[in-house]
Structure formats: structure tokens, C-alpha cells
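# Chain and residue survey
Each chain, letter by letter, is given below.
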Amino acid sequence: SAVRGAEGIVMNAANILVVDDDPDLLKLLSMRLAAAGYRVTAAESAEEALVKIAMERPQLVLSDVQLPGKDGLALFDAIRVQHPSLPVILLTAHGTIPDAVEATSRGVFTYLTKPFDGKALLDVIANAIAMEGAADTASDSGEVEAWRAEIVSRSTRMAEVLAEAKLVAASDASVLIRGESGSGKELIARAIHRASPRAGAPFVAVNCGAIPENLLESELFGHVKGAFTGAVANHPGLFQAANGGTLFLDEIGDMPVALQVKLLRVLQERMVRPVGASHAVPIDVRILSATHRDLDLAIIDGSFRKDLYYRLNVVSLSLPTLAERREDIPLLAAHFLSRLALKYGRKVNGFAPDAMKALTTASWPGNVRQLHNVVEQVTALATTPLVPLALVQRALRVPSMEVLSYTEARTRFERDYLVGLLKLTDGNVA
């Protein structure tokens, strides 16, 4: 069976462990969750819950704070030792709110106060399970084909790109990969190389826009000793280094026109002449190139050669922006977090719900590279198991202004107004 989550995404039914010592509430919660399509396991105590978790790990635990014997907070602590990524939601009465709030700083996914809204409960559960599923997928690369293991995605747009990439990998055709900066063009190029018959040979990448023009020719084609001042030894160049394999020319649109002519000659003749050499050397290299520029416009304004464009653009792949594959953001964020937490030695398990919402709704002009940088910053600064909203806003450089609905703003104003009046009158309600 399947259940439709908070964002309308259909997921496989998850198993939820519900813990409450009130039989009526336990039955009500079980019925409500079952009606929403979840599989439900019920327990009346923390001790019983731990036994059931040992028998079959659920995807989420929904527990009352007040329980006989071990309370909900003690249950959470026990779960965290054995299953640090298992999301726990606490149900709390007003008297135990401070305990629940403190528990969120220790890693509880969130808490709901009684009486709670049924839709709000289902939305929170759907969000928690989606995040837990993302973390599981990110850590389980064994089911991902080896050639595309570096590419973390479950979006339809990326699935289409990867299907095209795998098809074109079998041939030796030149591929032009288009996409904004930070969208993962080099990752796709590496994936094509790994899926190709050249996988056992070198993959060599060069950023044509990052190397000064006077050095780029020598880097690509090589030079012989004494070819110019500073050439104290023979240098084979990147074409020869990639011989038998794949050469990836990143930001090809930034290559100077004079070098474009020489590159075209190499592609036509399959021979490379090092700077200062008297003869050319045969090469066997597959060319993959990438650009964030509009090469059609570059051809019109004369900054890119049309004949080279046709040589490079035998097959074209277009990568979506991160904003066009938002369903991948929780998956990517969890993947980066797990790796970076290990790098920085941080005990960080995930993102608070409002922090994840901020990530999924951000504009991401820097695409996946920017997301990685944001996750790296919050991981380095995190002091709690769940990354809070404030850290994400800081990394995104978003003002930490809280935007309330009209009803919430009015309720808050009325409360503050009445509290102020009571203070002025020393608590005299009359």
C-alpha cells in the first residue's frame, strides 16, 4: 500500500511504532495512522516499545512523554543509542513542554502538544519519514549502479539525464554537457567515462576558464624542453595524459579563439603537437566538454567557432538546476551531512523540520555546489544533533525574520497586549 505525504509525494507505507499508556488514545492514533495508509505497531510502555524495535525497526516512533516506568524522554535516549537516525516524535501535555523542548535540542525530531491537530500530525510524520528515507538512501549506495554512484538523485529530471548518459557512454561520440555552474557537469562526465568502454583508462579534467591563456596551450598539448622560458623539461600535456581514456574540457566556452583553432585541428587529425616540437604525436582520446554559456550566442558574437561547436556537440546533455529538481534536496542534504559529520567529527543526525523546509524552498543560484557549501558550514558550526533553522538561515544569508500568517500574528499580538495590560495593573483582571 502507499500513502500520500505532506507534499503529495506517494511513498511506500512505513511502519510507525506508537507508544502510549492510554488504551483509548493508543487505539485512536493507531486507527488514524492506519487510515492514512501506514502500518502501525502499538506499545503501552517504553520497555515494550524497545522490545518491538529490536524485533522490527520501524521508520518512526510516536510516543507520549508521560509513560509508566521509563518515560518518553528515557525511551528516546535508549533509541538514540541503538538507532541514531530513527526519528522520534513526542506527544506532550502542557506541563511537560519544557522537557520536550529540551529534548529537541538533543535530537528529538519534534513534539506536538495535546490536543493536536490530526492533519498537522500526519504532515509532521510524512516529513520525518521522508527525511529518514533520504538519509537511508544516502547511506545505502550498494543498490546504486557503480557508474553513477557519485550522483545522488531520485528526481525524474535527473533520471532522464542519467538514462541518456548511459546510452551515449557506450559510443565514442563527443558529448557537450550544458548546465549552470555548480549543477554537477563534471560528475556526469565522470559517470559517462565509468560507464564507457574506456573506464579502465585515465579520466583527465581541465577547467579551460581557470588556467591563464598563456599556460593553457602548454597544459593541453604539452611542450618540449626549451620551447619557452621556464620549459626546463619535456611536458606531455593533458591530451597525452588522457591517451586511451577521456579528456573532459570544462567551461569550454571560456577557451580563447586562438586555442579553439588548435583544438579543432587536434580533433580532426587525432594528432597533438607539443609547443616547440617538430612533429605531432598520435592520440586516442574521447572528448567530453561542458559549458554554462550559451554557445549559440557565442558563435554569433564571434567568441566561439562554429566548426569546433559541431565537433564537440555530437550529443548534447542538459542538466537541470537544483531548483528544477527540488525533490532531490532532502536526499542531497542528508548525503552531504553524513559525509561532512564524519569529516568534522560532529554528532549531527539530521535537520530540524523548519531547517529542512528552508533548504527545500531556497532559490539555490549556486545549485548543488552551493548546497554542499551550506551543509558544510552548518555541520562545522552545529552543536546539537539536529541542525537548527538559524544555522541554515545564516549559511544561506537569509534574515532570521519569522513570517507569520495573519491569524498567528493576530493571536500573538492579542496575547502580548493582554500580558502587557496585566503587568500594568499588577494582575488585576477587573
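Numbers given for residues are sequential positions, taken from 1 along each chain in its written order. Where local features are concerned, this predicted model is filtered to residues with pLDDT of at least 70; where side-chain atom pairs are given and counted, the filter is 80 or more; whole-chain, interface and lining totals use all residues. For side-chain calculations, the full set of non-hydrogen atoms in the structure is used, while hydrogens and water are omitted.

### A few points about the packing of helix H6 (residues 156-169) against helix H7 (residues 185-195)
- One way to put it is that H6 packs onto H7 with a least axis distance of 8 Å and a crossing angle of 40 degrees. The pairing of H6 with H7 is recorded here as oblique in orientation. In the packing of H6 onto H7, the handedness of the crossing is right-handed. Two secondary-structure elements touch here, H6 through Met158, Val161, Leu162, Ala165, Val168 and Ala169 and H7 through Ile188, Ile192 and Ala195.
- In the contact of H6 with H7, the residues fall into 9 nonpolar, no polar and no charged. Fitted lines through C-alpha atoms serve as axes, helices being fitted only where they are in contact, and the angles separating the N-to-C directions of these axes extend from 0 to 180 degrees. A run of DSSP states H or I qualifies as a helix once it reaches four residues; a run of E qualifies as a strand once it reaches two. Both are numbered from the N-terminal end. An angle below 35 degrees is treated as roughly parallel, one above 145 as roughly antiparallel, one from 65 to 115 as roughly perpendicular, and anything else as oblique. Helix crossings fall into two classes, left-handed where the near helix is turned counterclockwise from the far one by less than a right angle and right-handed where it is turned clockwise. Note on contacts: a residue pair is in contact if any heavy atoms of the two residues lie within 4.5 Å. For this classification, Asp, Glu, Lys and Arg are treated as charged, while Ala, Val, Leu, Ile, Met, Phe, Trp, Tyr, Cys and Pro are nonpolar and the rest, including Gly, are polar.

### Considerations on unusual backbone geometry
- Despite not being glycine, Trp364 shows a phi value in the positive range, around 55 degrees.
- Among the secondary structure elements, Trp364 is positioned in the loop between helix H14 (353-361) and helix H15 (367-381).

### Points about a negative patch on the surface
- Patch members must show over 30% relative accessible area and no salt bridge, and they are joined within 9 Å when carrying like charges or within 5 Å when they are nonpolar side chains of Val, Leu, Ile, Met, Phe, Trp or Tyr. Every accessible area reported is derived by Shrake-Rupley at a probe size of 1.4 Å, with residue values counting cover from the shown protein chains alone. The salt bridge definition used is simple: a Lys or Arg side-chain nitrogen within 4 Å of an Asp or Glu carboxyl oxygen. In summary, the charge assignment counts Lys and Arg as positive and Asp and Glu as negative, without counting His or the chain termini. Every charge is mapped onto a representative atom, which is NZ of Lys, CZ of Arg, CG of Asp or CD of Glu. A contiguous patch of negative charge on the surface is contributed by Asp21, Asp22, Asp24 and Glu44.
- Tracing the chain through its elements places Asp21 in the loop between strand S3 (15-19) and helix H1 (23-35).

### Details of the confidence of the model for the chain
- Each residue carries a pLDDT value, the predictor's own confidence for that position, ranging from 0 to 100. Scored by pLDDT, the chain comes out at a mean of 84, with 87% of its residues at no less than 70.
- Counting contacts from residues 1-12, a segment whose pLDDT is below 50, to residues more than four positions away or on other chains yields 24 contacts.
- Scored below 50 in pLDDT, residues 137-143 makes 4 contacts in the model with residues more than four places away or belonging to other chains.

### Digging into the pairing of strand S4 (residues 39-43)
- At least two DSSP bridges between two strands are required for those strands to pair. By the bridge criterion, 5 bridges tie S3 to S4 in an arrangement that is parallel. In the strand pairing of S4, Asn15 is matched with Arg39.
- Seen with its strands pointing away from the viewer, a crossover is right-handed if its path from the first strand over the helix to the second goes clockwise. Chirality of the crossover, the property in question, places the unit of S3, H1 and S4 among those that are right-handed.

### Details of the sheet that holds strand S8 (residues 175-178)
- On the basis of which strands lie adjacent, the open sheet formed by 5 strands has the order S9-S10-S13-S8-S14 and parallel pairing. Here the strands that pair on one side only, and so sit at the sheet edges, are strand S9 (203-207) and strand S14 (315-318). Looking at each pair of strands side by side, their axes are set apart by 20 degrees on average, direction ignored.
- Sheet analysis places S8 next to strand S13 (residues 286-291), joined by 4 bridges and oriented parallel. Residue pairing across strands places Val175 opposite Leu288, the latter belonging to S13.
- Of the strands in this sheet, S8, S13 and S14 touch H6, which is tilted by about 155 degrees from S14.

### Thoughts on the pattern of salt bridges
- Tallied over the entire structure, the rule returns 14 salt bridges.
- With a shortest N-O distance of 2.5 Å, Lys262 and Glu217 are connected by a salt bridge. In this pair, Lys262 is assigned in helix H10 (residues 257-269) and Glu217 in helix H8 (residues 213-221), connecting sequence segments 45 residues apart.
- The partly exposed category is assigned to Glu217, whose relative accessible area is 22%.
- The salt bridge involving Arg305 is made with Asp307; its shortest N-O contact spans 2.7 Å.
- The buried label applies to any residue whose accessible area, calculated with a 1.4 Å probe on protein chains only, is under 20% of its type's maximum; exposed applies above 50%, and partly exposed to all values in between. A relative accessible area of 29% places Arg305 in the partly exposed class.
- Classification of Asp307 by relative accessible area gives partly exposed; the value is 31%.
- Salt bridges linked by common partners bring Asp172, Arg198 and Asp284 together as one network.

### Some points on the nonpolar core
- One finds Phe239, Leu247, Leu249, Ile252 and Phe304 to be the most contacted residues of the largest nonpolar core, which totals 30 residues.
- Broken down by secondary-structure element, the contributors of at least two residues to this core are S9, H8, helix H9 (237-241), strand S10 (246-250), H10, helix H11 (295-300) and helix H12 (306-312).
- Counting residues per element, this core draws most heavily on H10, which supplies 5 residues.
- The contact partners of Phe304, leaving out residues within four places of it in the chain, are Ile252, Gly253, Gln260, Leu295, Ala298, Ile299, Tyr309 and Leu312.
- We define the nonpolar core as a collection of buried residues of types Ala, Val, Leu, Ile, Met, Phe, Trp, Tyr and Cys that are connected through side-chain atoms lying within 4.5 Å of one another. Residues Ile329, Met356, Val378 and Leu396 belong to the second largest nonpolar core, which totals 29 residues.

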